[in-house]
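# Breakdown of the fold
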Amino acid sequence: RAVAMSVSHSSRLNKLVREQYMRLPQDGRVQVTYVWIDGSGEGVRCKSRTLEKEPKSIEDVPEWNFDGSSTAQAEGSNSDMFLVPVRMFRDPFCLDPNKLVLCEVLKYNRKPAETNLRHTCRRVMELVKDSHPWFGMEQEYTLLGVNGHPYGWPDNGFPGPQGPYYCGVGADKVYGRDIVESHYKACLYAGVKICGTNAEVMPSQWEFQVGPCEGIEMGDHLWMARFILHRVCEDFGVVATLDPKPMTGNWNGAGCHTNYSTEEMRREGGLKHIEAAIEKLSKRHDYHICVYDPRGGRDNSRRLTGHHETSNIFEFSAGVANRGASIRIPRQVGQDGCGYFEDRRPAANCDPYAVTEAIMRTTVLNETGVETKDYADH
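Residues numbered from 1 in each chain as written. Predicted model: local features only at pLDDT ≥ 70, side-chain atom pairs only at ≥ 80, totals over all residues. Heavy atoms only, no water.

Here the focus is the packing of helix α3 (residues 118–127) against helix α11 (residues 352–363). In contact at an axis separation of 9 Å, α3 and α11 are set at 35 degrees when each is read in the N-to-C sense. Between α3 and α11 lies a crossing of left-handed hand. On α11, the residues that touch Arg-118, Thr-120, Cys-121, Val-124 and Met-125 of α3 are Tyr-353, Thr-356, Glu-357, Met-360 and Arg-361. Tallied by class, residues from the contact of α3 with α11 come to five nonpolar, two polar and three charged. (Axes fitted to C-alpha atoms, helices over the stretch in contact; angles between N-to-C directions. Helix = DSSP H or I, 4+ residues; strand = E, 2+ residues; numbered from the N terminus. Left-handed = near helix turned anticlockwise from the far one by under 90°. Contact = heavy atoms within 4.5 Å. Nonpolar A, V, L, I, M, F, W, Y, C, P; charged D, E, K, R; others polar.)

It is worth spelling out the domain arrangement of the chain at this point. Bring the parts together and some accessible area is lost; that lost area is often taken as the interface size. Here the domain parsing of the chain yields domain 1 (14–115) and domain 2 (125–364). When each unit is reduced to the centre of its C-alpha atoms, the spacing between domain 1 and domain 2 is 26 Å. Taken together, the contact between domain 1 and domain 2 spans 20 residues of the former and 22 residues of the latter. Roughly 1,900 Å² of surface becomes buried between domain 1 and domain 2 when both sides are summed, with 67% attributable to carbon and sulfur atoms. Of all residues in domain 1, the largest losses of buried area upon contact with domain 2 belong to Glu-42, Phe-89 and Phe-93, amounting jointly to 33% of the total for that side. In this assembly, domain 1 and domain 2 are joined by two salt bridges. Residue Glu-42 pairs with Arg-295 through a salt bridge whose shortest N-O separation is 2.8 Å. In this assembly, domain 1 and domain 2 are joined by six residue pairs in polar contact (both at pLDDT 80 or more). Elements with a minimum of two residues in the side of domain 1 that touches domain 2: α2 (15–22), β1 (30–37), β2 (44–51), β4 (80–90) and β5 (99–106). (Domains from an automatic or database assignment. Buried area = accessible area lost by both parts, 1.4 Å probe. Salt bridge = Lys/Arg side-chain N within 4 Å of Asp/Glu carboxyl O. Polar contact = N/O pair within 3.5 Å; in protein donor to acceptor, adjacent residues only side chain to side chain.)

For the rest of this paragraph, the subject is the packing of aromatic side chains. This model, assessed by the stated rule, comprises eight aromatic pairs. Taking the centre distance of 6.2 Å and the plane angle of 70 degrees together, the rings of Trp-153 and Phe-158 count as edge-to-face. The exposure class assigned to Trp-153 is buried, which follows from its relative accessible area of 4%. With centroids separated by 5.4 Å and ring planes inclined at 90 degrees, the aromatic side chains of Tyr-260 and Phe-341 adopt a geometry described as edge-to-face. Within this pair, whereas Tyr-260 is found in strand β10 (residues 256–261), its partner Phe-341 is found in strand β13 (residues 341–343), the two being separated by 81 residues in sequence. Of the residues examined, Tyr-260 reaches a relative accessible area of 1% and is grouped as buried. Three or more aromatic residues link up through ring pairs in this structure, and these residues are Phe-135, Tyr-260 and Phe-341. One cation-aromatic arrangement involves Arg-90 over Tyr-189; the distance from NZ or CZ to the ring centre is 3.9 Å. (Phe/Tyr/Trp six-rings, centres within 6.5 Å; stacked < 30°, edge-to-face > 60°. Buried < 20%, exposed > 50% of the residue type's maximum accessible area, 1.4 Å probe, protein only. Lys NZ or Arg CZ within 6 Å of the ring centre and 35° of its normal.)

Have a look at this one:
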């Protein structure tokens, strides 16, 4: 009964009835779902329209618009915002030939909305394209019932201490695997570059990994993976939160660890380039903390305490195989003398465009201090 009461009413609708309609032919027309980031910088919104034929490329998908006053992105007196399609995926919910389309948001004057961080990220990635930056991001999240309580936890109390849950197996170890596996398959179908998943240290906490992706592709694929996660959870009647510290006390928080390399780091002898990049990052810690969550570091301050496999938010550290450091060099990379490193500071609710842009500004464009350079004229 406790589990039944924690899921949404809509999830209990008869899905077999829905399937009857989903099998109906579309007569060549295509349903396209436009997806965008709202004014919170964390939430995603969507709406759908019909195209007369299947779009073969992103150029075949027309611009659209929406009411920005209802997404905290505009005033009601001037509320129209533009949706500019940037990347297309297959639709795992309505199936082929239907599409999911990720969009940038522009204001009435065609300037990027405040939460459109893709705009400057794309510009920076164009400048550094010769370094061929690869990213892989590890998205941690926590499953909640619609009552806001971690899914599967006792109604009045807590599960046993952390230890048996990480990569766990068994009904008393993991909660919600059906959701996780459905999300994984949906991402594979959509064409999202998901590369793995596992149960995390706190019960009801999970992680999926996206990558390797080059440049702007990283943010595009992670945002679509997040949309698909929320949409899958909607079907199951639960909620996925990206809050960096959903449960206070002796429980792990949630991050979005970011693995990164350039072409020279991946070549023989690349370790010296990895160490040089880490040295640059060490001198710009405050800037990175400010962009690694949507609230200038306030969200991450609840997570980066120096405990529960995190570094302290006020200190920069790096080490081989050290999960309590700001930057971890994998042991294999230390042995091979080349490869990548992991920035463990980004919060689970970070904007991947902001994170990847910041890393490139510091390690390739050699920016210093807390100010960023405007490359609009370059």
